[in-house]
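Here is how the chains run, residue by residue.
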There are 2 protein chains.
Amino acid sequence: MELDSTDRLLLNLLQENALLTVREMAEKVHLSITPVHDRIKKLENQGIIEKYVALVNRKRIGRAMMVYCFVTLDKQRREGFQEFNEAIRQLPEILECSVVSGNFDYLLKIVVADMEAYNTFYQSKLSVLSSVSHMSSSFVMEEVKSTTLLNL
Amino acid sequence: MELDSTDRLLLNLLQENALLTVREMAEKVHLSITPVHDRIKKLENQGIIEKYVALVNRKRIGRAMMVYCFVTLDKQRREGFQEFNEAIRQLPEILECSVVSGNFDYLLKIVVADMEAYNTFYQSKLSVLSSVSHMSSSFVMEEVKSTTLLNL
DNA sequence: GTTGAAACCGGTTGTCT
DNA sequence: AGACAACCGGTTTCAAC
């Protein structure tokens, strides 16, 4: 259950490059292939490693616009949160959605092609959601940092 | 340069599971192994596929707390933005950082173990940054959706 | 774009210490 | 838990169509 320093190093390595061979990782952690193989399988089976994915450059596939959207729900409608959550999960333009503390209820991260596409998306998919009381959009002008690495 | 429907399908598949074999993908797109292999190499060489990574479950490695932090810089100091950007890139707790439009300058996504760890991080790493004029933290209470998939 | 062949390499398993 | 060896399956490149 507990992760030792070798497990943590393996997790860091795989979070940077999932295509490393077991041999390469074995060299870096100063072990032979077998224990490294077993450790990785264990991390996968424990659900610590959730999945292996390819990361795509959004600008090179014509998705230059990223927007954060702050949402406040109408608190009178008690079923509103479940409805809203389910609607959000169906929209592929929304990459992340969290319930947050503070001046609003949700923070959404949205990726679309351009401002026109965002306007269409906002008008036809977001603003039509019942139970929404207020929304405010903040446009990303520069991505200073973006990583999936949880440094161990 | 242009992506056809086969390329887009391959990108969707690899964004969901980077460990698919070429044979498996070939079956799904109804082509033989050779052209699928060539297409994937081309997507990699074009930088459309940026990298392959393992995604780690943050709660299972003791990183239960996620925080969004809104930052406003002191506009009097013209070099402040470059200084701030570089400082942010050095902090592994900060997974994402964007310059945004609206009532503040930056939006940060931060992952730490718990509230105590966030307090320590905030006091010793964030609030000490010169050029920061104002900061506000919003705590994630529930992650409704979180994906890296750019749906094509 | 398809097929088939060949060389190579990495994953996987069993067995040993 | 780690090391070694053998097997299997995938990748990669090539040639021919």
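Keep in mind that what you see is a predicted model, and the values were worked out from it rather than measured.

With that out of the way, let us pick up the protein's contact with DNA strand D. Contacts to DNA strand D come from Leu31, Ser32, Thr34, Pro35 and Arg39 of chain A together with Thr21, Val22, Arg23, His37 and Lys41 of chain B. Looking at DNA strand D alone, sugar and phosphate atoms form 73% of those within 4 Å of the protein. Here Thr34 of chain A contributes a side-chain N or O atom positioned 2.5 Å from a base nitrogen of DNA strand D. Within the side chain of His37 of chain B, an N or O atom sits 2.8 Å from a phosphate oxygen of DNA strand D. Those elements that place two or more of their residues in the surface near DNA strand D are helix H3 (33–45) of chain A together with helix H2 (22–29) and helix H3 (33–45) of chain B. Top contributing element to the surface near DNA strand D by residue count: H3 of chain A, with three residues. Looking at the surface near DNA strand D residue by residue, the class counts come to three nonpolar, four polar and three charged.

With that settled, consider the relation of the copies chain B and chain A. Structural alignment of chain B on chain A gives an RMSD of 0.1 Å, achieved by rotating through 180° and translating 0.0 Å along the axis. Both chain copies can therefore be described as sitting about a two-fold axis. Within chain B, Val53 of chain B has its C-alpha nearest the rotation axis, a separation of 2.8 Å. When you check the interface residues of chain B against chain A, 100% turn up at the interface there too, and the contact is symmetric in its surfaces.

What follows covers the pattern of salt bridges. In total, this model carries 16 salt bridges over all chains according to the counting rule given. When the shortest N-O distance is used, the salt bridge between Asp4 of chain A and Arg39 of chain A registers 3.0 Å. Of this pair, Asp4 of chain A sits in the segment before helix H1 (5–16) while Arg39 of chain A sits in helix H3; the two residues are 35 residues apart in sequence, bridging distant segments of the chain. You can call Asp4 of chain A partly exposed: its relative accessible area is 32%. For Glu86 of chain B, the salt bridge goes to Arg89 of chain B, with nearest N and O atoms at 3.4 Å. Linking Glu86 of chain B with Arg89 of chain B, this pair stays in helix H4 (residues 80–89), spanning three residues, or about one helical turn. Judged by its relative accessible area of 35%, Arg89 of chain B is partly exposed. Salt bridges sharing partners connect three or more residues here, namely Glu96 and Lys109 of chain A together with Glu96 and Lys109 of chain B.

Residue and element names in this part refer to chain A. With respect to the helices and strands, the residue Ala113 is situated in the loop between strand E4 (106–112) and helix H5 (115–126). Between the alpha carbons of Ala113 and Asn17 there is a distance of 28 Å; along the sequence they are 96 residues apart. If we skip the residues at most four places from it in the chain, Ala113 touches Gly62, Arg63, Ala64 and Met65.

In this section: the UniProt feature "domain: HTH asnC-type" (unreviewed entry) in chain A. UniProt's feature table lists "domain: HTH asnC-type" (unreviewed entry) at residues 3–64 of chain A, given in the numbering used throughout. Here residues 3–64 of chain A is 53% helix and 13% strand, with 39 Å between the C-alpha atoms at its ends.

For the rest of this paragraph, the subject is the environment of Gln82 of chain B. Within the element layout of this structure, Gln82 of chain B appears in helix H4. In this structure the C-alpha to C-alpha distance between Gln82 of chain B and Pro35 of chain B, which are 47 residues apart in sequence, comes to 45 Å.

All right, on to the sheet that holds E4 of chain A then. Ordered in space as E2(A)-E4(A)-E3(A)-E5(B)-E2(B)-E4(B)-E3(B)-E5(A), the eight strands form a closed barrel in which the pairing is antiparallel. Going from strand to strand, the sheet's axes swing by 35° on average, the running direction of each strand aside. Bridging between strand E3 (residues 94–100) of chain A and E4 of chain A involves five bridges; their strand directions are antiparallel. Residue pairing in the sheet places Cys97 of chain A in a bridge with Leu108 of chain A of E4 of chain A. Packed on one face of the sheet, H4 of chain B meets strand E5 (132–146) of chain A together with strand E2 (65–73), strand E3 (94–100), strand E4 (106–112) and strand E5 (132–146) of chain B and runs near 85° to E5 of chain A.

Quick look at the packing of helix H1 (residues 5–16) of chain B against H3 of chain B now. Residues and elements named next belong to chain B. H3 packs onto H1 with a crossing angle of 75° between their chain directions and a minimal axis gap of 11 Å. Classed by the angle they form, the pair H1 and H3 counts as roughly perpendicular. Between H1 and H3, the residues in contact are Thr6, Asp7, Leu10, Leu11 and Leu14 and Val36, Arg39, Ile40 and Leu43, respectively. Taken together, the residues of the contact of H1 with H3 break down into six nonpolar, one polar and two charged.

Basis of the calculations
- Residues numbered from 1 in each chain as written.
- Chains lettered and ligands numbered in written order.
- Predicted model: local features only at pLDDT ≥ 70, side-chain atom pairs only at ≥ 80, totals over all residues.
- Heavy atoms only, no water.
- Near = heavy atom within 4 Å.
- Polar contact = N/O pair within 3.5 Å; in protein donor to acceptor, adjacent residues only side chain to side chain.
- Helix = DSSP H or I, 4+ residues; strand = E, 2+ residues; numbered from the N terminus.
- Nonpolar A, V, L, I, M, F, W, Y, C, P; charged D, E, K, R; others polar.
- Least-squares fit on C-alpha atoms with pLDDT ≥ 70 in both.
- Contact = heavy atoms within 4.5 Å.
- Salt bridge = Lys/Arg side-chain N within 4 Å of Asp/Glu carboxyl O.
- Buried < 20%, exposed > 50% of the residue type's maximum accessible area, 1.4 Å probe, protein only.
- UniProt positions renumbered as here; feature names shortened; annotations may be inferred.
- Pairing = 2+ DSSP bridges.
- Axes fitted to C-alpha atoms, helices over the stretch in contact; angles between N-to-C directions.
- Parallel < 35°, antiparallel > 145°, perpendicular 65-115°, else oblique.

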